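Listed below, chain by chain, are the residues.
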Amino acid sequence: MDLIVQKFGGTSLSDESSRRHVLRHITREHEAGSRLVVVVSAMGRSGEPYATDSLLELVRANGDMLPPREKDLLLSCGELISATVLCSLLCSEGIPAVALTGGQAGIVTDGRFGSARISEIRTDRMQKHLADKQVVIVAGFQGATEGGETTTLGRGGSDTSATALGAALNADIVDIYTDVDGILTADPRWVSDARPLSAVSYEEICNMAQNGAKVIHPRAVEIAMKAGIPVRVRSTFSDGVGTLVTNAKSLRSQGIWYDKTVTGLAHVRGVTQLAVVNGNGPSDLQLRIFRAMATHGISVDFINVMPTGVHYTVSEADTDTAVDLLGQLDFEPVVRRGCAKVSVIGGGMNGEPGVMAVIVEALTNAGIPIFQSADSNATIWVLIAERNLAEALQALHSAFGLHLSPAQGT
Ligand code: ADP
Ligand code: ASP
Ligand code: MG
(Lines give C-alpha, C1' and ligand atoms only; values in the text may rest on other atoms or scores of the structure.)
(Ligands and ions follow the chains in the order given, each with its own letter.)
Protein backbone atom coordinates (compact mmCIF):
# COMPACT_ATOMS: atom_id res chain seq x y z
CA MET A 1 0.00 0.00 0.00
CA ASP A 2 1.44 3.39 -1.01
CA LEU A 3 2.34 5.94 1.59
CA ILE A 4 1.93 9.49 0.35
CA VAL A 5 2.81 12.73 2.12
CA GLN A 6 0.69 15.62 0.87
CA LYS A 7 1.54 19.19 1.86
CA PHE A 8 -0.90 22.05 1.38
CA GLY A 9 0.35 25.66 1.47
CA GLY A 10 -1.40 28.70 2.90
CA THR A 11 -3.37 29.76 -0.19
CA SER A 12 -4.64 26.19 -0.60
CA LEU A 13 -6.32 26.40 2.82
CA SER A 14 -7.41 30.01 3.03
CA ASP A 15 -11.15 29.63 2.49
CA GLU A 16 -13.95 27.10 2.29
CA SER A 17 -13.75 26.83 -1.48
CA SER A 18 -9.99 26.19 -1.57
CA ARG A 19 -10.33 23.66 1.25
CA ARG A 20 -12.85 21.78 -0.95
CA HIS A 21 -10.02 21.37 -3.49
CA VAL A 22 -7.76 20.08 -0.72
CA LEU A 23 -10.48 17.62 0.23
CA ARG A 24 -10.68 16.42 -3.39
CA HIS A 25 -6.96 15.51 -3.47
CA ILE A 26 -7.12 13.78 -0.10
CA THR A 27 -10.28 11.86 -1.02
CA ARG A 28 -8.80 10.72 -4.34
CA GLU A 29 -5.69 9.18 -2.74
CA HIS A 30 -7.63 7.87 0.28
CA GLU A 31 -10.14 6.09 -1.97
CA ALA A 32 -7.27 4.65 -4.03
CA GLY A 33 -6.16 2.95 -0.81
CA SER A 34 -3.04 5.00 -0.08
CA ARG A 35 -1.95 5.73 3.46
CA LEU A 36 -1.85 9.50 3.86
CA VAL A 37 0.08 11.97 5.98
CA VAL A 38 -1.14 15.50 5.27
CA VAL A 39 1.06 18.46 6.28
CA VAL A 40 -0.59 21.86 6.46
CA SER A 41 0.63 25.48 6.55
CA ALA A 42 -1.13 28.39 8.21
CA MET A 43 -4.13 29.64 6.25
CA GLY A 44 -3.77 32.42 3.71
CA ARG A 45 -1.14 35.08 3.24
CA SER A 46 -0.16 38.25 5.09
CA GLY A 47 -3.22 40.25 6.13
CA GLU A 48 -5.54 37.24 6.29
CA PRO A 49 -6.65 36.38 9.84
CA TYR A 50 -4.64 33.23 10.71
CA ALA A 51 -1.63 33.66 8.42
CA THR A 52 1.81 33.54 10.07
CA ASP A 53 2.46 37.22 9.29
CA SER A 54 -0.90 38.19 10.76
CA LEU A 55 -0.01 36.36 14.00
CA LEU A 56 3.27 38.27 14.12
CA GLU A 57 1.36 41.49 13.59
CA LEU A 58 -0.59 40.84 16.82
CA VAL A 59 2.53 41.42 18.92
CA ARG A 60 4.28 44.04 16.80
CA ALA A 61 2.42 46.81 18.62
CA ASN A 62 4.25 45.79 21.82
CA GLY A 63 7.60 46.59 20.24
CA ASP A 64 8.13 42.93 19.39
CA MET A 65 9.22 42.21 22.97
CA LEU A 66 7.89 38.66 22.98
CA PRO A 67 10.67 36.22 23.96
CA PRO A 68 11.64 33.64 21.27
CA ARG A 69 10.03 30.72 23.12
CA GLU A 70 6.67 32.46 23.34
CA LYS A 71 6.99 33.77 19.78
CA ASP A 72 7.28 30.18 18.55
CA LEU A 73 4.22 29.23 20.60
CA LEU A 74 2.31 32.03 18.89
CA LEU A 75 3.60 31.17 15.40
CA SER A 76 2.74 27.50 15.82
CA CYS A 77 -0.96 28.39 16.26
CA GLY A 78 -1.53 29.13 12.56
CA GLU A 79 -0.71 25.58 11.48
CA LEU A 80 -2.72 24.13 14.39
CA ILE A 81 -5.81 26.02 13.24
CA SER A 82 -5.36 24.66 9.70
CA ALA A 83 -4.83 21.10 10.96
CA THR A 84 -7.92 21.07 13.15
CA VAL A 85 -10.17 22.82 10.58
CA LEU A 86 -9.09 20.34 7.91
CA CYS A 87 -9.66 17.47 10.36
CA SER A 88 -13.24 18.66 10.92
CA LEU A 89 -13.81 18.79 7.15
CA LEU A 90 -12.52 15.23 6.65
CA CYS A 91 -14.55 13.91 9.59
CA SER A 92 -17.67 15.60 8.20
CA GLU A 93 -17.08 13.70 4.94
CA GLY A 94 -16.72 10.40 6.78
CA ILE A 95 -12.95 10.17 6.29
CA PRO A 96 -11.30 9.08 9.55
CA ALA A 97 -8.63 11.63 10.46
CA VAL A 98 -6.52 12.79 13.36
CA ALA A 99 -4.74 16.14 13.78
CA LEU A 100 -1.31 16.28 15.43
CA THR A 101 1.06 19.06 16.41
CA GLY A 102 4.60 18.65 15.06
CA GLY A 103 5.71 17.44 18.50
CA GLN A 104 2.86 14.92 18.75
CA ALA A 105 3.81 13.61 15.31
CA GLY A 106 7.24 12.84 16.76
CA ILE A 107 9.23 15.69 15.18
CA VAL A 108 12.07 16.35 17.62
CA THR A 109 14.14 19.50 17.10
CA ASP A 110 17.00 21.33 18.73
CA GLY A 111 16.14 24.37 20.84
CA ARG A 112 16.82 27.15 18.32
CA PHE A 113 13.48 28.93 18.52
CA GLY A 114 12.52 30.46 15.18
CA SER A 115 14.96 28.36 13.14
CA ALA A 116 15.01 24.95 14.79
CA ARG A 117 16.60 21.96 13.09
CA ILE A 118 14.97 18.55 13.09
CA SER A 119 17.15 16.07 14.96
CA GLU A 120 14.91 13.02 14.82
CA ILE A 121 11.41 11.91 13.85
CA ARG A 122 9.78 9.22 15.98
CA THR A 123 7.15 7.72 13.75
CA ASP A 124 5.43 5.27 16.14
CA ARG A 125 2.37 7.40 16.79
CA MET A 126 1.84 8.23 13.11
CA GLN A 127 2.33 4.55 12.18
CA LYS A 128 -0.32 3.54 14.69
CA HIS A 129 -2.86 6.01 13.27
CA LEU A 130 -1.99 4.94 9.72
CA ALA A 131 -2.48 1.29 10.67
CA ASP A 132 -5.91 2.32 12.03
CA LYS A 133 -6.64 3.71 8.52
CA GLN A 134 -6.75 7.31 9.70
CA VAL A 135 -5.51 10.23 7.61
CA VAL A 136 -2.79 11.80 9.75
CA ILE A 137 -2.86 15.59 9.56
CA VAL A 138 0.32 17.19 10.87
CA ALA A 139 0.76 20.90 11.63
CA GLY A 140 3.72 21.94 9.46
CA PHE A 141 6.58 24.32 10.31
CA GLN A 142 6.90 23.07 13.89
CA GLY A 143 8.38 20.46 16.17
CA ALA A 144 9.24 20.13 19.84
CA THR A 145 12.46 19.82 21.80
CA GLU A 146 13.22 16.74 23.89
CA GLY A 147 11.93 18.80 26.81
CA GLY A 148 8.59 19.36 25.07
CA GLU A 149 9.04 23.03 24.12
CA THR A 150 7.32 23.99 20.86
CA THR A 151 9.73 25.21 18.16
CA THR A 152 9.33 26.50 14.59
CA LEU A 153 11.56 25.61 11.67
CA GLY A 154 12.03 29.00 9.95
CA ARG A 155 9.75 30.72 7.44
CA GLY A 156 8.46 28.47 4.68
CA GLY A 157 9.22 25.50 6.97
CA SER A 158 6.10 23.43 6.21
CA ASP A 159 7.83 22.15 3.07
CA THR A 160 10.64 20.94 5.34
CA SER A 161 8.15 19.20 7.64
CA ALA A 162 6.69 17.42 4.61
CA THR A 163 9.92 16.06 3.14
CA ALA A 164 11.33 15.23 6.58
CA LEU A 165 8.19 13.19 7.35
CA GLY A 166 8.43 11.64 3.89
CA ALA A 167 12.02 10.60 4.60
CA ALA A 168 11.24 9.28 8.08
CA LEU A 169 8.25 7.26 6.86
CA ASN A 170 10.01 6.19 3.66
CA ALA A 171 7.08 7.59 1.66
CA ASP A 172 6.60 6.71 -1.98
CA ILE A 173 6.22 10.38 -2.86
CA VAL A 174 5.85 13.82 -1.27
CA ASP A 175 3.26 15.94 -3.08
CA ILE A 176 3.66 19.69 -2.46
CA TYR A 177 0.34 21.32 -3.39
CA THR A 178 0.43 25.06 -4.00
CA ASP A 179 -1.18 27.88 -6.00
CA VAL A 180 0.79 27.38 -9.26
CA ASP A 181 0.91 24.47 -11.73
CA GLY A 182 4.31 23.26 -10.61
CA ILE A 183 7.85 24.58 -10.85
CA LEU A 184 7.89 27.14 -13.62
CA THR A 185 10.76 28.51 -15.71
CA ALA A 186 10.53 31.71 -13.60
CA ASP A 187 8.27 33.21 -10.94
CA PRO A 188 4.95 33.71 -12.78
CA ARG A 189 4.33 36.87 -10.76
CA TRP A 190 7.28 38.41 -12.60
CA VAL A 191 7.36 36.64 -15.95
CA SER A 192 3.94 36.33 -17.51
CA ASP A 193 4.88 33.62 -20.00
CA ALA A 194 6.77 31.40 -17.53
CA ARG A 195 6.10 27.73 -18.31
CA PRO A 196 5.69 24.73 -16.02
CA LEU A 197 8.50 22.17 -16.12
CA SER A 198 7.46 18.54 -16.16
CA ALA A 199 10.61 17.38 -14.36
CA VAL A 200 13.70 18.84 -12.70
CA SER A 201 16.57 17.32 -10.78
CA TYR A 202 17.02 17.87 -7.06
CA GLU A 203 20.16 19.89 -7.82
CA GLU A 204 18.40 22.26 -10.19
CA ILE A 205 15.47 23.03 -7.91
CA CYS A 206 17.87 23.35 -4.99
CA ASN A 207 19.74 26.02 -6.95
CA MET A 208 16.49 27.75 -7.87
CA ALA A 209 15.18 27.62 -4.29
CA GLN A 210 18.44 28.82 -2.76
CA ASN A 211 18.40 31.72 -5.19
CA GLY A 212 14.95 32.94 -4.25
CA ALA A 213 12.36 30.73 -6.03
CA LYS A 214 10.13 30.32 -3.02
CA VAL A 215 7.94 27.64 -4.59
CA ILE A 216 9.72 25.13 -2.34
CA HIS A 217 12.08 25.61 0.60
CA PRO A 218 15.71 24.66 -0.20
CA ARG A 219 16.07 22.70 3.04
CA ALA A 220 13.06 20.58 2.06
CA VAL A 221 14.76 19.69 -1.23
CA GLU A 222 18.03 18.82 0.53
CA ILE A 223 16.21 16.41 2.85
CA ALA A 224 14.34 14.73 -0.03
CA MET A 225 17.55 14.49 -2.06
CA LYS A 226 19.46 12.87 0.81
CA ALA A 227 16.68 10.33 1.37
CA GLY A 228 16.06 9.80 -2.36
CA ILE A 229 12.32 10.49 -1.94
CA PRO A 230 10.64 11.86 -5.10
CA VAL A 231 8.75 15.13 -4.74
CA ARG A 232 6.02 16.50 -6.96
CA VAL A 233 5.12 20.20 -6.93
CA ARG A 234 1.57 20.60 -8.19
CA SER A 235 -1.52 22.76 -8.09
CA THR A 236 -4.24 22.39 -5.49
CA PHE A 237 -6.68 23.95 -7.92
CA SER A 238 -6.25 21.58 -10.88
CA ASP A 239 -5.64 17.90 -11.55
CA GLY A 240 -2.37 18.49 -13.40
CA VAL A 241 0.55 16.22 -12.48
CA GLY A 242 2.85 19.19 -11.81
CA THR A 243 6.64 18.94 -11.72
CA LEU A 244 8.44 15.79 -10.68
CA VAL A 245 11.64 16.38 -8.69
CA THR A 246 14.01 13.47 -8.34
CA ASN A 247 17.61 12.62 -9.14
CA ALA A 248 18.93 13.30 -12.61
CA LYS A 249 19.90 9.66 -13.16
CA SER A 250 16.39 8.39 -12.50
CA LEU A 251 14.85 11.09 -14.70
CA ARG A 252 17.27 10.28 -17.51
CA SER A 253 16.57 6.56 -17.26
CA GLN A 254 12.84 7.28 -17.55
CA GLY A 255 13.62 9.39 -20.62
CA ILE A 256 11.87 12.41 -19.13
CA TRP A 257 14.77 14.72 -18.47
CA TYR A 258 17.76 16.05 -20.27
CA ASP A 259 20.44 18.50 -19.32
CA LYS A 260 19.05 21.75 -20.62
CA THR A 261 21.61 24.50 -20.78
CA VAL A 262 19.22 26.85 -19.00
CA THR A 263 16.23 25.49 -17.10
CA GLY A 264 14.96 28.55 -15.29
CA LEU A 265 15.48 31.91 -13.63
CA ALA A 266 15.26 32.92 -9.99
CA HIS A 267 15.74 36.23 -8.22
CA VAL A 268 16.23 37.89 -4.86
CA ARG A 269 15.16 41.47 -4.20
CA GLY A 270 16.29 43.92 -1.53
CA VAL A 271 20.03 43.49 -1.96
CA THR A 272 22.72 46.10 -1.21
CA GLN A 273 26.15 46.08 -2.82
CA LEU A 274 29.05 47.27 -0.66
CA ALA A 275 32.35 48.12 -2.30
CA VAL A 276 35.46 48.81 -0.22
CA VAL A 277 38.50 50.10 -2.05
CA ASN A 278 41.78 49.32 -0.40
CA GLY A 279 43.95 52.24 -1.57
CA ASN A 280 46.97 52.15 0.72
CA GLY A 281 44.95 50.56 3.48
CA PRO A 282 45.76 47.52 5.56
CA SER A 283 46.85 44.30 3.87
CA ASP A 284 44.41 42.29 6.00
CA LEU A 285 41.42 44.34 4.78
CA GLN A 286 39.39 41.33 3.59
CA LEU A 287 39.95 39.41 6.80
CA ARG A 288 38.89 42.35 8.97
CA ILE A 289 35.76 43.02 6.95
CA PHE A 290 34.48 39.45 6.78
CA ARG A 291 35.36 38.74 10.40
CA ALA A 292 33.32 41.79 11.48
CA MET A 293 30.35 40.70 9.35
CA ALA A 294 30.50 37.14 10.70
CA THR A 295 30.80 38.26 14.33
CA HIS A 296 27.61 40.29 13.94
CA GLY A 297 25.72 37.50 12.15
CA ILE A 298 25.51 39.36 8.83
CA SER A 299 25.20 37.00 5.92
CA VAL A 300 27.33 38.08 2.94
CA ASP A 301 26.93 37.05 -0.67
CA PHE A 302 28.32 37.75 -4.13
CA ILE A 303 31.80 38.14 -2.68
CA ASN A 304 34.42 39.42 -5.03
CA VAL A 305 37.88 39.77 -3.51
CA MET A 306 40.49 41.67 -5.52
CA PRO A 307 43.94 43.06 -4.68
CA THR A 308 42.36 46.51 -4.90
CA GLY A 309 39.51 45.85 -2.47
CA VAL A 310 36.31 43.85 -2.04
CA HIS A 311 32.77 43.93 -3.35
CA TYR A 312 30.03 41.99 -1.64
CA THR A 313 26.32 42.13 -0.98
CA VAL A 314 24.15 42.09 2.14
CA SER A 315 20.38 42.18 2.54
CA GLU A 316 18.61 45.54 2.75
CA ALA A 317 17.75 44.70 6.37
CA ASP A 318 21.44 44.28 7.31
CA THR A 319 22.72 47.29 5.35
CA ASP A 320 22.81 49.91 8.13
CA THR A 321 24.59 47.58 10.57
CA ALA A 322 27.10 46.52 7.89
CA VAL A 323 27.87 50.14 6.97
CA ASP A 324 28.30 51.05 10.68
CA LEU A 325 30.69 48.15 11.16
CA LEU A 326 32.75 49.20 8.15
CA GLY A 327 32.82 52.75 9.55
CA GLN A 328 34.15 51.43 12.87
CA LEU A 329 36.95 49.76 10.88
CA ASP A 330 37.68 53.14 9.22
CA PHE A 331 36.48 52.02 5.80
CA GLU A 332 34.28 54.18 3.64
CA PRO A 333 32.27 51.78 1.51
CA VAL A 334 30.48 52.75 -1.66
CA VAL A 335 26.91 51.70 -0.86
CA ARG A 336 24.55 50.75 -3.69
CA ARG A 337 21.09 50.03 -2.30
CA GLY A 338 18.05 48.79 -4.23
CA CYS A 339 19.69 45.95 -6.13
CA ALA A 340 18.36 42.55 -7.18
CA LYS A 341 20.24 39.33 -7.78
CA VAL A 342 19.11 37.39 -10.86
CA SER A 343 20.16 33.74 -11.24
CA VAL A 344 20.22 31.86 -14.51
CA ILE A 345 20.13 28.14 -13.68
CA GLY A 346 20.71 25.02 -15.76
CA GLY A 347 22.15 21.59 -15.04
CA GLY A 348 23.66 21.48 -18.53
CA MET A 349 25.47 24.84 -18.63
CA ASN A 350 28.72 23.46 -17.28
CA GLY A 351 31.29 23.74 -20.06
CA GLU A 352 28.74 25.14 -22.55
CA PRO A 353 30.24 28.22 -24.17
CA GLY A 354 28.19 31.34 -24.72
CA VAL A 355 25.75 31.41 -21.80
CA MET A 356 27.28 34.54 -20.31
CA ALA A 357 27.36 36.13 -23.78
CA VAL A 358 23.58 35.60 -24.12
CA ILE A 359 23.02 37.16 -20.68
CA VAL A 360 25.17 40.20 -21.40
CA GLU A 361 23.62 40.69 -24.83
CA ALA A 362 20.04 40.43 -23.52
CA LEU A 363 20.65 42.87 -20.68
CA THR A 364 22.70 45.28 -22.79
CA ASN A 365 20.00 45.36 -25.48
CA ALA A 366 17.47 46.18 -22.76
CA GLY A 367 19.76 48.97 -21.49
CA ILE A 368 20.21 47.26 -18.11
CA PRO A 369 23.65 47.70 -16.47
CA ILE A 370 25.26 44.69 -14.71
CA PHE A 371 26.95 45.75 -11.45
CA GLN A 372 28.57 42.41 -10.66
CA SER A 373 28.47 38.81 -11.84
CA ALA A 374 29.59 35.37 -10.69
CA ASP A 375 29.15 31.78 -11.80
CA SER A 376 29.24 28.17 -10.65
CA ASN A 377 28.85 24.97 -12.65
CA ALA A 378 25.06 25.24 -12.84
CA THR A 379 24.27 28.93 -12.16
CA ILE A 380 25.27 32.39 -13.39
CA TRP A 381 24.35 35.32 -11.15
CA VAL A 382 24.08 38.98 -12.13
CA LEU A 383 23.46 41.95 -9.87
CA ILE A 384 21.27 44.69 -11.33
CA ALA A 385 19.12 47.58 -10.12
CA GLU A 386 15.86 46.31 -8.64
CA ARG A 387 13.90 48.81 -10.71
CA ASN A 388 15.07 46.89 -13.81
CA LEU A 389 14.13 43.47 -12.42
CA ALA A 390 10.91 42.78 -14.33
CA GLU A 391 12.45 43.85 -17.62
CA ALA A 392 15.64 41.87 -16.98
CA LEU A 393 13.77 38.66 -16.13
CA GLN A 394 11.58 39.00 -19.19
CA ALA A 395 14.58 39.72 -21.45
CA LEU A 396 16.56 36.73 -20.13
CA HIS A 397 13.53 34.44 -20.26
CA SER A 398 13.05 35.29 -23.94
CA ALA A 399 16.77 35.22 -24.77
CA PHE A 400 17.02 31.62 -23.55
CA GLY A 401 13.77 30.67 -25.31
CA LEU A 402 12.21 29.58 -22.03
CA HIS A 403 8.81 30.84 -23.20
CA LEU A 404 9.02 28.75 -26.38
CA SER A 405 10.96 25.64 -25.72
CA PRO A 406 9.20 22.50 -24.60
CA ALA A 407 9.43 22.19 -20.84
CA GLN A 408 11.69 19.37 -19.61
CA GLY A 409 10.61 16.01 -20.89
CA THR A 410 7.61 17.21 -22.90
P1 ADP B 1 2.59 27.96 -0.43
O2 ADP B 1 1.77 28.83 0.45
O3 ADP B 1 1.79 26.97 -1.18
O4 ADP B 1 3.78 27.35 0.28
P5 ADP B 1 4.39 29.89 -1.65
O6 ADP B 1 3.87 31.28 -1.81
O7 ADP B 1 5.37 29.62 -0.57
O8 ADP B 1 3.13 28.92 -1.57
O9 ADP B 1 5.05 29.40 -3.02
C10 ADP B 1 4.33 29.47 -4.24
C11 ADP B 1 4.73 30.72 -4.99
O12 ADP B 1 6.09 30.60 -5.39
C13 ADP B 1 3.99 30.93 -6.29
O14 ADP B 1 2.76 31.60 -6.10
C15 ADP B 1 4.99 31.73 -7.14
O16 ADP B 1 4.69 33.11 -7.17
C17 ADP B 1 6.31 31.57 -6.38
N18 ADP B 1 7.40 31.14 -7.27
C19 ADP B 1 8.63 31.70 -7.32
N20 ADP B 1 9.38 31.12 -8.24
C21 ADP B 1 8.64 30.14 -8.82
C22 ADP B 1 8.88 29.17 -9.83
N23 ADP B 1 10.06 29.09 -10.46
N24 ADP B 1 7.90 28.32 -10.15
C25 ADP B 1 6.70 28.39 -9.52
N26 ADP B 1 6.40 29.29 -8.55
C27 ADP B 1 7.35 30.16 -8.19
N1 ASP C 1 3.31 29.38 7.84
C2 ASP C 1 4.76 29.37 7.78
C3 ASP C 1 5.26 30.59 7.04
O4 ASP C 1 4.48 31.41 6.59
C5 ASP C 1 5.32 28.11 7.21
C6 ASP C 1 4.98 27.83 5.77
O7 ASP C 1 4.09 28.45 5.17
O8 ASP C 1 5.60 26.94 5.18
O9 ASP C 1 6.44 30.79 6.93
MG1 MG D 1 5.74 28.01 0.77
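Bear in mind the structure is a predicted one, so any value in this text is a computation, not a measurement.

Conventions used here
- Residues numbered from 1 in each chain as written.
- Chains lettered and ligands numbered in written order.
- Predicted model: local features only at pLDDT ≥ 70, side-chain atom pairs only at ≥ 80, totals over all residues.
- Heavy atoms only, no water.
- UniProt positions renumbered as here; feature names shortened; annotations may be inferred.
- Helix = DSSP H or I, 4+ residues; strand = E, 2+ residues; numbered from the N terminus.
- Pairing = 2+ DSSP bridges.
- Axes fitted to C-alpha atoms, helices over the stretch in contact; angles between N-to-C directions.
- Contact = heavy atoms within 4.5 Å.
- Near = heavy atom within 4 Å.
- Polar contact = N/O pair within 3.5 Å; in protein donor to acceptor, adjacent residues only side chain to side chain.
- Areas by Shrake-Rupley, 256 points an atom, 1.4 Å probe, with all protein chains shown as cover.
- Nonpolar A, V, L, I, M, F, W, Y, C, P; charged D, E, K, R; others polar.
- Buried < 20%, exposed > 50% of the residue type's maximum accessible area, 1.4 Å probe, protein only.
- Right-handed = clockwise from strand over helix to strand, strands pointing away.
- Salt bridge = Lys/Arg side-chain N within 4 Å of Asp/Glu carboxyl O.

Caption draft 1: Just the UniProt feature "domain: CASTOR ACT" (unreviewed entry) in the chain, in detail. Taking the UniProt record as the reference, the feature "domain: CASTOR ACT" (unreviewed entry) is found at residues 335-398. Span residues 335-398 is 33% helix and 34% strand, its end C-alpha atoms 32 Å apart.

Caption draft 2: Quick peek at the sheet that holds strand 18 (residues 379-385). Spatially, the six strands line up as an open sheet ordered 14-15-13-16-18-17, and their pairing is antiparallel. Every interior strand has two partners, whereas the edge strands, strand 14 (301-306) and strand 17 (372-375), have only one. On average, each strand axis in the sheet is tilted by 30° relative to the strand beside it, whichever way the strands run. Contacting strand 13 (264-277), strand 16 (334-345) and strand 18, helix 12 (residues 389-399) runs over the sheet at an angle of about 125° to strand 13.

Caption draft 3: Molecular detail of the site of ligand 2. Around ligand 2 sit S41, A42, T52, E79, F141, R155, G156, G157 and S158, and that is every residue in its neighbourhood. A distance of 2.6 Å separates a nitrogen atom of ligand 2 from a polar atom in the side chain of T52. At a separation of 2.8 Å, an oxygen atom of ligand 2 approaches a polar backbone atom of G156. When the free accessible area of ligand 2 is taken as 260 Å², the share hidden by the protein chains comes to 84%. Here the residues of the shell around ligand 2 are counted per class, giving two nonpolar, five polar and two charged.

Caption draft 4: Layout of the site of ligand 1. Lining the immediate environment of ligand 1, one finds 18 residues, of which R45, T178, D179, D187 and R189 sit closest. Within the contact set of ligand 1, an oxygen atom lies 2.7 Å away from a side-chain nitrogen or oxygen of T178. Here an oxygen atom of ligand 1 sits 3.1 Å away from a polar atom, N or O, in the side chain of K214. A total of 570 Å² of accessible area belongs to ligand 1 in isolation, and the protein chains cover 93% of it. Considering only residue class, the shell around ligand 1 consists of eight nonpolar, four polar and six charged.

Caption draft 5: Focus on the UniProt feature "domain: Aspartate/glutamate/uridylate kinase" (unreviewed entry) in the chain. As recorded in UniProt, the sites labelled "domain: Aspartate/glutamate/uridylate kinase" (unreviewed entry) are residues 3-235. What you have in residues 3-235 is 38% helix and 21% strand, and the ends, taken at the C-alpha atoms, are 20 Å apart.

Caption draft 6: View of the sheet that holds strand 6 (residues 135-139). Here we have eight strands laid out as an open sheet, ordered 3-6-2-1-9-11-12-10, and mixed in their pairing. One side of each edge strand has no neighbouring strand; the edge strands of this open sheet are strand 3 (97-100) and strand 10 (199-201). Taken pair by pair, the neighbouring strands of this sheet meet at an average axis angle of 20°, ignoring direction. Examined bridge by bridge, strand 2 (residues 35-40) and strand 6 share four bridges and lie parallel to one another. Directly across from V37, in strand 6, lies its bridge partner V136.

Caption draft 7: Layout of the pairing of strand 2. A large share of strand 2 lies buried, amounting to five of its six residues. Sheet topology note: the strand 1 (residues 3-8)/strand 2 ladder contains six bridges and is parallel. Of the residues in strand 2, the one forming a bridge with Q6 is V38. Crossover connection from strand 1 via helix 1 (residues 16-31) to parallel strand 2: handedness right-handed.

Caption draft 8: Seen up close, the pattern of salt bridges. Scanning all chains against the criterion turns up 23 salt bridges. Measuring nitrogen to oxygen at the nearest pair gives 3.1 Å for the salt bridge that ties D53 to R155. Pair noted here: D53 is in helix 2 (residues 52-60) and R155 is in the loop between strand 8 (150-152) and helix 5 (158-168), with a separation of 102 residues, a long-range link. Note on D53: relative accessible area 26%, which makes it partly exposed. One salt bridge connects R337 with D320, and the closest N-O pair in it is separated by 2.9 Å. Of this pair, R337 sits in strand 16 while D320 sits in helix 10 (residues 319-328), and the two are 17 residues apart along the sequence. For R337, a relative accessible area of 41% translates into the label partly exposed.

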